[in-house]
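# Structure assessment
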Amino acid sequence: MFNWKNGSLLVVLVGFIVLPFLPFGGKDNLTLLISLFLLASMASSWNILGGYVGHINLGHGAFFGIGSLVTRALWLEYELPILIALAAGALVAAIAALIVGAPALRLRGTYFAIGTLALAEAMRLTVGNVLPRVSRLPGPALRSYDIVPRYYLALAVLAVIVIFTLWLNRSKLGLGMMAVREDEEAARSIGVNVFLHSILAFVMSAFFAGLAGGAFAYFHVGYYPNYTFGPIWTFDAVIIAYVGGVGTPFGPLIGAIFFVLVRDILSANLVNVHLIIFGIVFILIVLLLPGGFTELIDRIRQYVMPDTEPDTGT
Amino acid sequence: MKRIVLVAMLILSVMALGSTSMAQDEGPEFIELGASIPLSGRYAGPAIQVDRGYAMAIEDINEAGGVYVAEYDRQIPLNLTVLDDESDPVKAVENLEDLYSNEDVVVYLGGFGSDMHAAASAVGEVNATPYIGVAFALWDVHQQGFEYLFSPFPKSPELSTAMFEMLSSIEDGPTRVGIIAESTDWGLELTDFWTADAEEFGFEIVAVEEYAPGTQDFSDIILAMQDAEVEIMLSLPNPPDGIALATQMAELDWAPAFSNIIRAPDAPTWIQALGANGDFVAFMPGWHNAMAFEGVDALNEAHVEMMGRPSDPLVGPSYATVQIVAAAIEAAGTLDRDAIRDAIAATELDTVIGTVTFNEDGTGNVPVAILQYQNGTPELVWPAEFATADLVYPAPAFADREPIGGDE
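Residues numbered from 1 in each chain as written. Chains lettered and ligands numbered in written order. Predicted model: local features only at pLDDT ≥ 70, side-chain atom pairs only at ≥ 80, totals over all residues.

## Focus: the overall build of chain A
Quick note on the threshold: Under the scheme used here, helices are H or I runs from DSSP no shorter than 4 residues and strands are E runs no shorter than 2 residues, and both carry numbers assigned from the N terminus. The globule rule used here is 2.2 Å times the number of residues to the 0.38 power, and the radius of gyration it is set against is calculated over C-alpha atoms. Three exposure classes are used, all based on how many other C-beta atoms lie within 10 Å of a residue's own C-beta (placed from the backbone): buried at 20 or more, exposed at 12 or fewer, and partly exposed between those limits. We call two residues in contact if the C-beta atoms placed from their backbones are at most 7 Å apart.
A count of helices and strands for chain A gives 14 helices and two strands. By the compact-globule yardstick of 20 Å for 314 residues, chain A fits well, its C-alpha radius of gyration being 19 Å. Here chain A, with 314 residues, has 50% of them falling under the buried criterion. Taking as baseline every contact in chain A between residues at least 6 positions apart, the subset at least 24 positions apart corresponds to 77%.

## Considerations on the overall build of chain B
Looking only at helices and strands, chain B features 12 helices and 17 strands. Along the first, second and third principal axes, the C-alpha atoms of chain B reach 105 × 40 × 35 Å. Relative to its full complement of 408 residues, chain B shows a buried share of 52%. Of the contacts made within chain B by residues no fewer than 6 positions apart, 68% connect residues no fewer than 24 positions apart.

## Description of the sheet that holds strand 6 (residues 131–132) of chain B
Residues and elements named next belong to chain B. In plain terms, the rule: For two strands to be treated as a pair, DSSP must find no fewer than two bridges joining them.
Read across the sheet, five strands follow the order 4-1-5-6-7 without closing on themselves; strand pairing throughout is parallel. The two strands at the open ends of the sheet, each matched to only one other strand, are strand 4 (78–84) and strand 7 (149–150). When strand 1 (residues 31–37) meets strand 4, the two strands line up parallel, connected through seven bridges. Residue L33 lies in a different strand from strand 4, and its bridge partner there is L80.

## Re the pairing of strand 13 (residues 348–351) of chain B
All names here are of chain B. In terms of strand pairing, strand 13 meets strand 14 (residues 354–358) through four bridges, oriented antiparallel. Across the sheet, L349 pairs through a bridge with V356, a residue of strand 14. Following strand 13, the chain reverses through two residues before pairing antiparallel with strand 14.

## Some thoughts on the packing of helix 3 (residues 60–77) of chain A against helix 10 (residues 194–219) of chain A
All names here are of chain A. This is how it is decided: For helices, the fitted line uses only the C-alpha atoms of the stretch in contact; every axis is such a line through C-alpha atoms, and the angle between N-to-C directions lies from 0 to 180 degrees. Any angle that is under 35 degrees is reported as roughly parallel, and any over 145 degrees as roughly antiparallel; angles of 65 to 115 degrees are reported as roughly perpendicular and all others as oblique. Handedness of a crossing is defined here by the sense of rotation of the near helix relative to the far one, left-handed for an anticlockwise turn of less than a right angle and right-handed for a clockwise turn.
Two elements in contact, helix 3 and helix 10, have axes whose closest approach is 6 Å; the angle formed by their N-to-C orientations is 45°. The angle between the axes of helix 3 and helix 10 places the two elements in the oblique class. Of the two elements, helix 3 crosses helix 10, and the hand of that crossing is right-handed. Residues H60, F63, F64, G65, I66, G67, S68, T71, R72 and W75 of helix 3 form the contact with helix 10, whose participating residues are A206, A209, G210, L211, A212, G213, G214, F216, A217 and Y218.

## With respect to the domain arrangement of chain B
Residue and element names in this part refer to chain B. Definition in use: Marked domain ranges trace back to an automatic or database domain assignment. Here the nonpolar group is Ala, Val, Leu, Ile, Met, Phe, Trp, Tyr, Cys and Pro; Asp, Glu, Lys and Arg are the charged ones; every other residue, Gly included, is treated as polar.
Its domain assignment divides chain B into domain 1 (31–154 + 290–365) and domain 2 (157–283 + 369–406). Relative to domain 2, the C-alpha centre of domain 1 lies at a distance of 30 Å. Taken together, the contacts link 12 residues of domain 1 with 12 residues of domain 2. Across the side of domain 1 that touches domain 2, the residue classes tally to nine nonpolar, two polar and one charged.

## Notes on the packing of helix 11 (residues 231–244) of chain A against helix 13 (residues 274–288) of chain A
Residues and elements named next belong to chain A. Between helix 11 and helix 13, the least distance of the axes is 9 Å, while the angle of their chain directions is 45°. Judged by the inter-axis angle, helix 11 sits oblique to helix 13. Crossing hand, helix 11 versus helix 13: left-handed. Facing helix 11, whose interface residues are I239, Y242 and V243, helix 13 presents F282, I285 and V286.

## Some thoughts on the interface of chain A and chain B
Counting residues at the interface gives 29 residues for chain A and 31 residues for chain B. Looking at the side of chain A that touches chain B, the elements with two or more residues in it are helix 2 (27–50), helix 5 (109–130), helix 6 (139–143), strand 2 (222–223) and helix 12 (251–269) of chain A. With five residues, the top contributor of residues to the side of chain A that touches chain B is helix 2 of chain A. When grouped by side-chain class, the residues that make up the side of chain A that touches chain B number 16 nonpolar, eight polar and five charged.

## Comments concerning the environment of D361(B)
All names here are of chain B. Tracing the backbone through its elements, the reader meets D361 in the loop between strand 14 and strand 15 (364–365). Sequence separation of D361 and A399 is 38 residues, and the distance between their C-alpha atoms is 47 Å. Leave out the neighbours within four places in its chain, and D361 touches H142 and Q143.

## Things to note about the sheet that holds strand 14 of chain B
All names here are of chain B. Within the open sheet, the three strands sit side by side as 13-14-15. Their pairing is antiparallel. Pairing within the sheet leaves two strands with one partner each, and these edge strands are strand 13 and strand 15. Along the sheet face, helix 11 (residues 315–332) touches strand 13 and strand 14 and points at about 140° away from the line of strand 13.

## Details of the confidence of the model for chain B
Residue and element names in this part refer to chain B. Selection criterion: On a range of 0 to 100, pLDDT expresses the predictor's confidence in each residue.
Per-residue confidence for chain B gives a mean pLDDT of 90, with 93% of residues at or over 70. Looking at the elements of chain B, mean pLDDT is at its lowest for helix 1 (residues 2–26), recorded as 50, and at its highest for helix 12 (residues 337–345), recorded as 98. Note on residues 13–23: pLDDT under 50 across the span, and zero contacts to partners over four residues away in sequence or across chains. Interface scoring of the predicted complex returns ipTM 0.73; its pTM is 0.82.

## Side note on the nonpolar core
Basically, it comes down to this: As used here, a nonpolar core is made of buried Ala, Val, Leu, Ile, Met, Phe, Trp, Tyr and Cys residues. They are joined through C-beta atoms within 7 Å.
L33(B), V107(B), A119(B), V325(B), A328(B), I329(B) and I370(B) are the most contacted members of the largest nonpolar core, which has 134 residues in total. With 11 residues, helix 11 of chain B is the largest single contributor of residues to this core. Counting only domains with at least three residues in this core, you end up with domain 1 (31–154 + 290–365) and domain 2 (157–283 + 369–406) of chain B. Discounting residues that sit within four places of it in the chain, I370(B) has contacts with A162(B), M163(B), M166(B), A282(B), M284(B), V381(B) and W382(B). Among the nonpolar cores identified, the runner-up in size contains 87 residues, and A40(A), L69(A), A104(A) and L168(A) belong to it.

## A word on the environment of G202(B)
With respect to the helices, strands and loops of the structure, G202(B) is situated in the loop between helix 6 (185–200) and strand 9 (204–211). Distance from G202(B) to S168(B), taken between C-alpha atoms, is 8.7 Å for residues 34 residues apart in sequence.

## Observations regarding helix 7 (residues 147–170) of chain A
Worth spelling out the cut-off: Between the first and last residue of a helix there are one fewer steps than residues, each counted as 1.5 Å, and that sum is the expected span.
Over its 24 residues, helix 7 of chain A runs 35 Å from end to end, which matches the ideal 34 Å to within 8%, given 1.5 Å per residue. The set of residues buried in helix 7 of chain A consists of I147(A), R150(A), Y151(A), L153(A), A154(A), L155(A), V157(A), L158(A), I161(A), T165(A), L168(A) and N169(A).

## What about the pairing of strand 9 of chain B?
Two elements, strand 8 (residues 176–182) of chain B and strand 9 of chain B, share seven bridges in a ladder whose sense is parallel. Residue pairing across strands places G178(B) opposite A207(B), the latter belonging to strand 9 of chain B.

## Overview of unusual backbone geometry
All names here are of chain B. Of note, the bond from W382 into P383 is cis; its omega dihedral lies within 30 degrees of zero at 5°. Among the structural elements, P383 can be located in the segment after strand 17 (377–382). Residue P394 is bonded to the preceding Y393 through a cis peptide linkage, with omega at -10°. Not every positive phi belongs to a glycine, and D73 is a case in point at roughly 50°.

Now the structure itself:
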């Protein structure tokens, strides 16, 4: 169904598609936007489990790492086409989530968060020990490096995740997940299979994180393999999701835009204190807007147009 | 009347065109250089030395009027834009693209840390912009066919060779070598060079023990070294691992006759954490302010004025980097990036770190400094012509060491 929201989304998407052909579509802006798309993809994929089911996964970065590791190896070492490598990376991340999720989802609340964090750290250390050498594109490949296909791949990955989340938001599966988040016992009593919904969300969340990791592997010129398993990928995603609006389809997008803009503006102008200010800004937002920017937008919209539905998706 | 107006218009047009071409001939207001430096995050401590070295050199060059560029027939001052990458390679790539697109930089100056350089130097290659960096000794980065990467800083092969040259100079010196190898790219690379050089210089490798970064218990490794009767211990730990290793060596009372620990002792925290147990360790931070090359005295004076002490180890190489870039721009006579790249490749320049030339792979030919902590002070013990103290060999047993400063 076409409405103003879908129409706006389409306009934004078309804008991003034509951007490389516009005067301000230079390499600097495309590079910045790739970072934005990757962070938004990570936050959106984290949101599937953390926002819709309510399980706080602090090991989300591990699936990003698996995706990047598999994609990079298949693309660079086995010279497979990037799209096949990307799909394989995401699939391996999903399988890993299935294996890990079965025991991990027996844990509850803080224990689940700590368990996933420990697992990701163990994977990061193991990958660092097993693959200690930097992964970089060779000189000739760098001299013919083109940012535009990387940009489109990152954009496509984000678009796929957003479209999936929009579907999830209105689907029976998504409603079941939200029921689990609100009250597991109540959900069980109305016939919702709590474990199945949880593990499905975990696997889907990991699949999309793996896709984002694969896009990163295609984009980045040189990095240590364990870098993509780092906690920063998880914590940035969590911050973005909460600031934008956890459990909403557009919250992670809004959060990512705010995150990248504020980070860049502060780091460019307040070199010595930007991290402290960045932290304070985020604390203030979470305190004053528990529902993130989505809540603020809903409040404004309901003030201006009192008959509209809130966009919380809850 | 019409003719007068026409002539006037022609004269004005010629003047306008003339002034335009004069404005073009004057060139830019500044020569733009760019750097992405980890001013926050895990590398912030040592990276600040790099930032300081760049700033001091640019100030000195600009005070002298800037760099002469033949294309514009005038001296143009340097302008360095530094962006903080927060010790994050992704941010470093963003920063360098930003500097290329918005600041139109003609040369990138490097930041700090092997992983940061690995990402950042690749951007230089993508943008066909010279990237010149110090504070990384990884040789492998230079073996990837990069054309725009340069580094006037000692690399693993030179570190290894210099160490064995110094050890060979000891009369009736030690011969039995043990390597405590960190399982990182630099650790494994250096282990290969140590192994090859040991054989070439007539030493015997009697033990090689590998460990993962973050290891807290080195006791098994130390016992293996003791069993193998190691006299020369070579290692490359990061600071926390290095402090753990040295602490446990003291606890197990294993003081090899000679210890070369690279990287961990570079920071002053080494002696603060270990006291006398950190003494007599040889280390190789890349440069020392007692290496009396041209300009070092002035640099030390300026550093004393600014920081209250002579130049820090990374200030010299960073300062030299800007000297090299300035000389290359002058030699190129233009701000064309490829011409500057060729001029850097052809460098033969006296700098504060000695006479610098570059090899085809972009590695620099620079002197290697070996330092040794003696009574808590980092003394330069090699090259012999600049030494501030003789090498203490063999290292005394831990139980026989005096407290640092002798007043505790």
